[in-house]
Amino acid sequence: MLWRFNHPPIEHGVGDVPTVGSQLTPEHLLSVRNSHLVSSETLNRDRNRKRLSEVSRSASSQPVFVDSFPKLKIWYRQHQRCIASTLSGLTPGSPVHQTVEALLSMMFRKVRGSQTLNPVNSGTSSSSGAASEDIIPRPEFPAWDILKAVPYVVDAALTACTHGRLSPRELATGLKDLTDFLPASLAPIVSYFSAEVSRGVWKPVFMNGMDWPNPAANLSNVEEFIKKILATTGVDIPSLAPGGSSPATLPLPLAAFVSLTITYKIDKASERFLNLAGPALECLAAGCPWPCMPIVASLWTQKAKRWFDFLVFSASRTVFLHNPDAVVQLLRNCFSATLGLNAAPMSNDGGVGALLGHGFGSHFYGGISPVAPGILYLRMYRALRDTVSVTEEIFSLLIHSVEDIAQNRLSKENLKRLKTVKNGSRYGQSSLATAMTQVKLAASLSASLVWLTGGLGVVHLLIKETIPSWFLSVDKSDQEQRPSDLVAELRGHALAYFVVLCGAFAWGVDSRSAASKRRQGIMGSHLQFLANALDGKISVGCETATWRAYVSGLVSLMVSCLPRWVAEIDAEVLKSLSNGLRQWGKDELAILLLSMGGVKTMGDAVDFIIHLRS
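Reading guide: rules and limits
- Residues numbered from 1 in each chain as written.
- Predicted model: local features only at pLDDT ≥ 70, side-chain atom pairs only at ≥ 80, totals over all residues.
- Heavy atoms only, no water.
- Helix = DSSP H or I, 4+ residues; strand = E, 2+ residues; numbered from the N terminus.
- Buried < 20%, exposed > 50% of the residue type's maximum accessible area, 1.4 Å probe, protein only.
- Contact = heavy atoms within 4.5 Å.
- Areas by Shrake-Rupley, 256 points an atom, 1.4 Å probe, with all protein chains shown as cover.
- Core = buried A, V, L, I, M, F, W, Y, C linked by side-chain atoms within 4.5 Å.
- UniProt positions renumbered as here; feature names shortened; annotations may be inferred.
- Phe/Tyr/Trp six-rings, centres within 6.5 Å; stacked < 30°, edge-to-face > 60°.
- Polar contact = N/O pair within 3.5 Å; in protein donor to acceptor, adjacent residues only side chain to side chain.
- Salt bridge = Lys/Arg side-chain N within 4 Å of Asp/Glu carboxyl O.

Caption draft 1: How the structure looks around the overall build of the protein. Helix and strand content of the protein: 29 helices and two strands. A buried classification covers 50% of the 614 residues belonging to the protein. Residue pairs at least 24 apart in sequence account for 74% of intrachain contacts in the protein once pairs closer than 6 positions are excluded. As displayed, the protein offers around 29,700 Å² of accessible surface, 54% of which is attributable to carbon and sulfur atoms.

As structure tokens, then:
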């Protein structure tokens, strides 16, 4: 269970960066648990928090720290060292060395001269060539000592296999004996394999059907279905399998692990093992070069044909981990499907149904049903490494989607007939109302994708740096073909909704979450930027209609939906924003902003009202 929280996830094992493990350490998990022990009236009013508090108290009503589990702490430190660097420090004659020898003798008792597998050259080895009989007793060591020795055991076994002292079949059988002897040993086995796959120090092995299992029977079929899934989702990848008909290869750690997994039967007795080995195998294969994942899927579909759809779908999502252009295409299709801007195979009606679809499976003509773009993104976003670039792409797609909405939802005839009332803030035409609904939908999708992709960090970066930079810059393409005032105004509204939704995801609308403590600094900085621009200290480069729609839209949303946010802003900033709105003729909004600032701005609000009546 610890591994399921702390295993090296895909995002830590793709690319050139070594695997370093997860941020969900035992210390963090216990800290979260301890925090739920503290009950208050606010917590008890929240049903979910009350449930978590009750669960935390079920075992003990006192705080629990990792120091309460000394053996777990010692093993976990060793586990982290194993992931972060190559193995070292196994001293001959040490307790760990003795455990390693005993485990190797048990695992490879039928291999002649099993003592040669030991990673440490010692003339006083306690195992011998005679240890090839089945009568060798099972090692009697504490479970924690065995877990500490497992990485050295697996390292010795892989090294022996590389040098021909151990056949691939014997390697897989020995690893299975180890996991049967102590099922918990699967966790350090997977962690070790994940680390070694990231380092890339092991030579690839040929999956030729002689030494290692052969995926050739249905590899081409798997690759063809992957192409179909991507094509029906609207992602066009020129070539998925470079090298043509070259022999299938896998890195030795991955080949060893997939060989281990297919030795297990698919039954109730093996369910516990497969529940852990399945996600682990997917993580390992996704972190290896293409086409490792299709090879693994091919090997497993030979064993479990009824899992074909799921395995192929899992393999198809790894394309996005190796091809940045595919990620951009997928994001574009998420927008197009949600907004109903194209006649894709999924739906032309748009909405959440088109974004998420109805699952996947071989139910449609042609062998497989289209997979909704949102489903694919939900399955791969955790593996994205460059979340900042992806977030910037989402922001860019939001900006450009507004023009697509205007072109698709508002005909040229309607655009000519649209009339504005009082600085373009109100429109009577139903077609414009439809466009505004689509703009809000685009902003909601963008905020959701940003929050999923990068979380709190990218939201702060967007609001504090990216969006202000966009307002200051002048798009050269827009200089050549400037958008209409309507499109420019819709962009401003889209950005206002986008910022508010991103902030709500990150901080909440009140002050109950821990993240809300950072809201005042980030939003304060952003609104200070707006105030400086309104005071003339900064010159914005975007369209005037976009700027006015954004400022008034953002303030309006904060006043009507987020009063706590307004109360946190510095009084001078609120005054500057109010004065700017007043200059634009938005007196009512300016007064509301000052009145919600609390005591610090109440005097200015009164002066403003008196000035209006005088």
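Caption draft 2: Spatial organisation of the nonpolar core. In this structure, Phe193, Phe257, Tyr377, Phe498, Trp547 and Tyr550 are the most contacted members of the largest nonpolar core, which totals 164 residues. Contacts of Tyr550, omitting those with residues within four sequence positions, involve Ile467, Phe471, Gly492, Leu495, Ala496, Val499, His526 and Leu530.

Caption draft 3: View of the UniProt feature "transmembrane region" (unreviewed entry) in the protein. Sequence positions flagged by UniProt for "transmembrane region" (unreviewed entry) are, in local numbering, residues 441–463 and 490–509. The distance separating the terminal C-alpha atoms of residues 441–463 is 19 Å; by composition the span is 100% helix and 0% strand. The distance separating the terminal C-alpha atoms of residues 490–509 is 25 Å; by composition the span is 90% helix and 0% strand.

Caption draft 4: Main features of unusual backbone geometry. The omega torsion across Trp290 and Pro291 is 10°, close enough to zero to call that bond cis. Locating Pro291 in the fold gives a position in the loop between helix H12 (271–286) and helix H13 (292–303).

Caption draft 5: Region of interest: the packing of aromatic side chains. Summed over all chains, the structure comprises 13 aromatic pairs. Considering the side-chain rings of Tyr264 and Phe273, the 3.7 Å spacing of their centres and the 15° angle between planes classify their relative orientation as stacked. Phe273 matches Tyr264 in its accessibility class, with the two residues each being buried. Measuring from ring centre to ring centre gives 5.3 Å for Trp470 and Phe471, while their planes differ by 70°; the resulting arrangement is edge-to-face.

Caption draft 6: Structural context of the environment of Arg518. Mapped onto the secondary structure, Arg518 falls in the loop between helix H23 (485–507) and helix H24 (519–534). Taking the C-alpha atoms as reference, Arg518 lies 9.1 Å from His460; in sequence the two are 58 residues apart. Once residues lying within four places of it in the same chain are set aside, the contact partners of Arg518 are Leu456 and His460.

Caption draft 7: Quick look at the environment of Pro204. Mapped onto the elements of the fold, Pro204 is located in strand S1 (residues 204–206). Spatially, the C-alpha atom of Pro204 lies 5.1 Å from that of Leu250, the residues being 46 residues apart in sequence. In this structure Pro204 touches Thr249, Leu250 and Pro251, once residues within four positions along its chain are discounted.

Caption draft 8: Highlighting the side chain of Thr301. Within the secondary structure, Thr301 is located in helix H13. A polar contact is formed between the side chain of Thr301 and the backbone oxygen of Ser298, at a distance of 2.9 Å.

Caption draft 9: Molecular detail of the pattern of salt bridges. Counted according to the given criterion, the structure contains ten salt bridges. A salt bridge links Asp180 to Lys176; the shortest N-O distance between them is 2.9 Å. Within this pair, Asp180 and its partner Lys176 are both found in helix H8 (residues 168–181), separated by four residues, close to a single helical turn. When the shortest N-O distance is used, the salt bridge between Glu403 and Arg491 registers 3.8 Å. Residue Glu403 is found in helix H19 (residues 387–409), and its partner Arg491 is found in helix H23; the two are separated by 88 residues along the sequence. On the basis of relative accessible area, Glu403 is assigned to the partly exposed category, the value being 27%. Several salt bridges share partner residues, and in doing so they unite Glu282, Arg317 and Arg379 into one network.

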